[in-house]
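Next come the chains, spelled out residue by residue.
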Amino acid sequence: IELHARAAIDAAGDPAALDAVRVALLGKTGQVTALLKSLGGMDAEARKSFGAAVNALKNTVAEAIEQRRAVLDAAALDARLAAERIDITLPARPAPRGTIHPLSRTIEELTALFGAMGFTVKDGPDIEDDWYSFGALNIPSHHPARAMMDTFYLKPSGRNRPMVLRPHTSTLQIRTMLEQKPPIRVIVPGRTYRSDHDATHSPMFHQCEGLVIDRGITLAHLKGCLVDFLRAYFEIPDLKARFRSSYFPFTEPSMEIDIAWDRKTGVIGAGSDWLEILGSGMVHPNVLANCGIDPREYQGFAFGMGVERITMLKHGIADLRSFYESDIRWLSHYGTSP
Ligand code: PHE
């Protein structure tokens, strides 16, 4: 029986077959069990010698089954490990990552640079009342500046006066002065709209307005603030700037600010050409009065610049329209990682 049992155990190729062998040997009606049962019908002498042999056989068989089970379990585990093998030497798939749009980055830079000079950021509606866009800014309805701006007019039903898509962020000069008491120091980066479209104009673009109102503010403050800003933004400590007399209805006197550059190479701070970069001036007394601020007590300055323009100049971007084309190659080249 032992030889026969060993052969059957070794032949069992999987746990189920082994279990069948175990039942056939050690189960209720198994061969070894039958031998054990037969002990009951023997006399004491025979039972003693035969019993010891049968028990030894039972233990040997049980042990052989356990050894075989261990072999089969190990083989099953090896097979599973082989089937579920993961190749950790494969390179990981790249996870696509977005970048910060260059305009957003410039606005972050403006916020940081002016923030260091004590300016806070203000925000307002893109769809504006005519009065905030023009009237309060000392631009009466017959004024040629209205035509100059190529403003988009909206005709909401049930209103007499049209609304406009704000053609400049100067609307926020008025909103700020109506909401806040001086001293005021704000910048307003935001979207602006004009009916114009070519390589240097887009119907939607961004400006950043600035407004400072306090007692005793003079042209010297305007100059110091803006020259400091331009040198910090373009990262050229001795950048030359020129203040050129100009005209805006809402500032008096008004100045455009030019910076030195080389027209041929486009390099800022080099060469002997001048590039217009900022509109500015002392806030017109009429504008202060329109906002309930007494021009004899408070003075201030305002400025405005094109966010696309200063971004193009700093990073050598040739076509304004590329800002809005969502070309993934352009965005990953000019964008910055978050
Ligand atoms: N609003 C002017 C423009 O759009 C810029 C400006 C702002 C000029 C503030 C002077 C003061 O051109």
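Residues numbered from 1 in each chain as written. Predicted model: local features only at pLDDT ≥ 70, side-chain atom pairs only at ≥ 80, totals over all residues. Heavy atoms only, no water.

1. Some remarks on the site of the ligand
Part 1 of the reasoning: For the ligand, the set of nearby residues contains 14 residues, the closest of which are His168, Ser170, Arg194, Gln207 and Glu209.
Part 2 of the reasoning: One of the side-chain nitrogen or oxygen atoms of histidine 168 is found 3.3 Å away from a nitrogen atom of the ligand.
Part 3 of the reasoning: Only β6 (204-214), β9 (273-283) and β10 (299-306) provide two or more residues apiece to the shell around the ligand.
Part 4 of the reasoning: Looking at which element gives the most residues to the shell around the ligand, the answer is β10, with 3 residues.
Part 5 of the reasoning: When its residues are assigned to classes, the shell around the ligand shows 4 nonpolar, 8 polar and 2 charged. (Near = heavy atom within 4 Å. Polar contact = N/O pair within 3.5 Å; in protein donor to acceptor, adjacent residues only side chain to side chain. Helix = DSSP H or I, 4+ residues; strand = E, 2+ residues; numbered from the N terminus. Nonpolar A, V, L, I, M, F, W, Y, C, P; charged D, E, K, R; others polar.)

2. Side note on the pairing of β9
Part 1 of the reasoning: Of all 11 residues in β9, 8 are buried, a share of seventy percent or more.
Part 2 of the reasoning: Pairing between strand β8 (residues 251-261) and β9: 9 bridges, direction antiparallel. Residue pairing in the sheet places isoleucine 257 in a bridge with leucine 278 of β9. (Buried < 20%, exposed > 50% of the residue type's maximum accessible area, 1.4 Å probe, protein only. Pairing = 2+ DSSP bridges.)

3. Notes on the packing of aromatic side chains
Part 1 of the reasoning: This structure, assessed with the given rule, holds 12 aromatic pairs.
Part 2 of the reasoning: Judged by centre distance (5.6 Å) and plane angle (80°), the ring pair of phenylalanine 323 and tryptophan 330 falls under edge-to-face.
Part 3 of the reasoning: Grouping aromatic residues by their ring pairs yields a cluster made of Phe114, Phe119, Phe229, Tyr233, Phe234, Phe301 and Phe303.
Part 4 of the reasoning: One Lys or Arg, lysine 223, reaches over the ring of phenylalanine 243 and ends 5.1 Å from the middle of that ring.
Part 5 of the reasoning: Here lysine 314 stacks its cationic end above the ring of tyrosine 233, 4.3 Å away from the centre of that ring. (Phe/Tyr/Trp six-rings, centres within 6.5 Å; stacked < 30°, edge-to-face > 60°. Lys NZ or Arg CZ within 6 Å of the ring centre and 35° of its normal.)

4. Points about the UniProt feature "binding site: Mg(2+)" (unreviewed entry) in the protein
Part 1 of the reasoning: When the UniProt feature table is mapped onto this chain, "binding site: Mg(2+)" (unreviewed entry) is found at Glu252.
Part 2 of the reasoning: Take glutamate 252: it is sitting in strand β8.
Part 3 of the reasoning: Overall, glutamate 252 belongs to the partly exposed group, its relative accessible area being 46%.
Part 4 of the reasoning: Excluding residues that lie within four positions of it along the chain, glutamate 252 makes contacts with Met282 and His284. (UniProt positions renumbered as here; feature names shortened; annotations may be inferred. Contact = heavy atoms within 4.5 Å.)

5. Comments concerning the pattern of salt bridges
Part 1 of the reasoning: By the definition in use, this model includes 16 salt bridges.
Part 2 of the reasoning: Across the salt bridge formed by glutamate 128 and arginine 175, the nearest N and O atoms sit 2.6 Å from each other. Here glutamate 128, found in strand β2 (residues 127-129), pairs with arginine 175, found in helix α8 (residues 171-179); they are 47 residues apart in sequence, far enough to count as distant.
Part 3 of the reasoning: Among the salt bridges present, the one from arginine 321 reaches aspartate 319, with a minimum N-O distance of 3.1 Å.
Part 4 of the reasoning: Relative accessible area serves as the criterion here: at 29%, arginine 321 is assigned to the partly exposed category. (Salt bridge = Lys/Arg side-chain N within 4 Å of Asp/Glu carboxyl O.)

6. Quick word on the sheet that holds strand β4 (residues 163-165)
Hydrogen bonds along the backbone pair up the strands of a sheet, which may run parallel or antiparallel.
Part 1 of the reasoning: One open sheet accounts for 3 strands, arranged β2-β4-β3; its pairing is antiparallel. Of all the strands in the sheet, the pair left with one neighbour each is β2 and β3 (152-154). Pairwise comparison of adjacent strand axes, ignoring direction, gives a mean angle of 40° for this sheet.
Part 2 of the reasoning: In terms of strand pairing, β2 meets β4 through 3 bridges, oriented antiparallel. For glutamate 128, the partnering residue across the bridge sits in β4 and is valine 164. (Axes fitted to C-alpha atoms, helices over the stretch in contact; angles between N-to-C directions.)

7. Here we look at the nonpolar core
Part 1 of the reasoning: Within the largest apolar cluster, 37 residues are counted, with the highest numbers of intra-cluster contacts made by Leu110, Phe114, Leu230, Phe234, Phe303 and Met305.
Part 2 of the reasoning: Only α5 (102-116), β6, α9 (219-234), β8, β9, β10, α11 (307-315) and α12 (328-334) provide two or more residues apiece to this core.
Part 3 of the reasoning: When residues of this core are assigned to their parent elements, the largest contribution, 7 residues, is made by α9.
Part 4 of the reasoning: Among the nonpolar cores identified, the runner-up in size contains 21 residues, and Leu137, Ile174, Leu211 and Val287 belong to it. (Core = buried A, V, L, I, M, F, W, Y, C linked by side-chain atoms within 4.5 Å.)

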